[in-house]
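A look at the structure
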Amino acid sequence: MSWIAPPIHIELQIGGAIRDSIELRIGGAIRDKGKSIMKVVITGGGGFLGSMLCEALLKHGELTAPSGNRQRIESIVLLDALFPSLPLDPRVTRQVCEISDREAVFDAVGTDADVAIFHLASMVSGECELRFEDALRVNLDGGRNVFDAARAAARTTDELPRVIFASSIACFGGDVIADSFSDSSKQLPRTTYGMTKTICELMINDYSRKRFFDGRSARLPTVIVRPGKPNAAASSWASGMFREPLAGIDCPLPIRRDQRHPMTGYRTVIDSFIALHELPETLLGGDRAVGLPAHQVTPGLAEQVLAQVAVERGLKIGKIVDAYDDRIQGIVNGWATAIDGSRAIKLGLPQPPSVQEIVHQYLEDFGSVT
Ligand SMILES: NC(=O)c1ccc[n+]([C@@H]2O[C@H](COP(=O)([O-])OP(=O)(O)OC[C@H]3O[C@@H](n4cnc5c(N)ncnc54)[C@H](O)[C@@H]3O)[C@@H](O)[C@H]2O)c1
């Protein structure tokens, strides 16, 4: 009588997801014979937009993989220097990671799966103006780490990871501010933050041209209404002038009341990140930076919208109070005041709803005083 070995079942734990078949290593990344694992990496995943993107991707459930086929998202890895809230879903892993630590970024991105990367980790504009060396380390070196890790995760030049980079309209500026800036405007940033975003956009274009990865930059207007407390962004007042009055408190306004500024809503931005990821590469051409459409908002308009919303919802709101700050107004003077988002619209990216609707969305998502 001969002994028959029982069948062997091998389970491998990769990035939180379990795969159960034997793998082949091709061009640096591991794939199995039949199917491969889809892993999403969100840098800045503990932040405002990164954490909302994570939630949206969990609901979305799938993304286009490097193969061009849609695949179920098996795991989402959030990288951030800090995480304010607790984990919410077994598919999500939170890794405390300094983005300028090249080895940590390479480890997190890995070569073990079909990867999609959303690079959002960044110092904000006000901080970059005050801490130049740190701005280069975090926004430039950190960006390069992410881009090189994406390159290392590529299998072949036909199956490239998609990389979405959160850029900013701070790429625009100049001695004379044009009436409106479009995807064909020259980038003349007037802040260190804008300079780092511009360089990362150019790197995305070049890495994509070289077939290192398939990159796309979403050039974001200021995103309203950011919940929580004011931050160190020079545009912090843009959310504050809605958020604080809606919470029943007065908001100090560091800029002129007629200052025009391009703004959009956070729901639209999250939808745009995902839509930009999903766009066929053939539609994009060599310039991978797409300016998202924006409303031109002034504090005066914000006041009118707040008054309407207050009536509609029966809210007792705070006031926008003049607290002029030369430093902040000086930075804002070098920024774009209007954005022509027609290329994004042509590509099928979403447009923001009215400012009033954005405020209603904020109240639905984050609540207010009554
Ligand atoms: N919110 C906006 O109005 C706006 C406008 C234009 C562009 N953007 C860009 O969108 C992205 C997301 O913005 P957000 O509003 O969610 O900002 P956020 O500040 O809430 O999130 C950025 C995250 O990056 C993390 N981070 C900063 N330095 C880091 C480091 N050294 N290592 C690891 N993580 C680090 C922070 O901890 C933070 O959680 C950023 O790249 C930002 O520049 C935002």
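Preceding block: the structure.
As a starting point, this report considers the structure included with it. Note that the structure is a prediction, hence the values are computed from the model and not measured. (Residues numbered from 1 in each chain as written. Predicted model: local features only at pLDDT ≥ 70, side-chain atom pairs only at ≥ 80, totals over all residues.)

1. Some remarks on the environment of Leu 284
Inspection of the secondary structure puts Leu 284 in the loop between α7 (266–278) and β15 (289–291). Look at Leu 284 and you get partly exposed, because 19 C-beta atoms sit within 10 Å. The spacing of Leu 284 and Leu 347 is 63 residues in sequence and 8.4 Å in space, taken between C-alpha atoms. Non-local contacts of Leu 284, meaning those with residues more than four positions away in its chain, are made with Arg 216 and Leu 279. (Helix = DSSP H or I, 4+ residues; strand = E, 2+ residues; numbered from the N terminus. Buried ≥ 20, exposed ≤ 12 C-beta atoms within 10 Å, placed from the backbone. Contact = placed C-beta atoms within 7 Å.)

2. Topic: the site of the ligand
In the vicinity of the ligand lie 25 residues, with Gly 44, Gly 47, Leu 49, Ser 122 and Ala 166 positioned nearest. Counting residues per element, the ones that place at least two in the shell around the ligand are α1 (48–60), α4 (132–153), β10 (162–168) and β12 (222–224). The element contributing the most residues to the shell around the ligand is α1, with three residues. Its residues placed into classes, the shell around the ligand shows 14 nonpolar, nine polar and two charged. (Near = placed C-beta within 6 Å. Nonpolar A, V, L, I, M, F, W, Y, C, P; charged D, E, K, R; others polar.)

3. Quick look at unusual backbone geometry
Geometrically, the link from Ile 224 to Val 225 is a cis peptide bond, its omega value of -5° lying close to zero. By secondary structure assignment, the location of Val 225 is in the loop between β12 and α6 (236–246). In this model, Arg 211 sits at a positive phi of 65°, which is unusual for a non-glycine residue. Residue position: Arg 211 is located in the loop between α5 (192–209) and β11 (214–220). Judged by local crowding, Arg 211 falls into the partly exposed class, with 13 C-beta atoms found within 10 Å.

4. Notes on the sheet that holds β12
Judged by pairing direction, the sheet is mixed, and its three strands sit side by side in the order β12-β14-β16 without closing on themselves. Of all strands in the sheet, those with a lone pairing partner are β12 and β16 (295–297), marking the two edges. For this sheet, the mean angle separating the axes of adjacent strands, direction not counted, is 50°. Relative to strand β14 (residues 261–265), β12 is paired through three bridges, and the arrangement is parallel. Among the inter-strand pairings, Val 223 is bridged to a residue of β14, identified as Thr 264. Packed onto the sheet, α7 meets β12 and β14 and runs at close to 75° relative to β14. (Pairing = 2+ DSSP bridges. Axes fitted to C-alpha atoms, helices over the stretch in contact; angles between N-to-C directions.)

5. Examining the environment of Tyr 193
Mapped onto the elements of the fold, Tyr 193 is located in helix α5. For the pair formed by Tyr 193 and Ser 168, sequence separation is 25 residues and the distance between their alpha carbons is 8.9 Å. Apart from residues no more than four positions distant in its own chain, Tyr 193 is found in contact with Val 124, Ser 125, Cys 128, Ala 135 and Ala 170.

6. What about the pairing of β10?
With respect to burial, β10 is a largely interior element, seven of its seven residues being buried. In the sheet, strand β9 (residues 114–119) pairs with β10 via four bridges, with the strands oriented parallel. Paired with His 119 across the strands is Phe 165, a residue of β10. In terms of strand pairing, β10 meets β11 through seven bridges, oriented parallel. Across the sheet, the residue bridging to Phe 165 is Ser 217, located in β11. Read from β10 through α5 to β11, the crossover connection turns out right-handed. (Right-handed = clockwise from strand over helix to strand, strands pointing away.)

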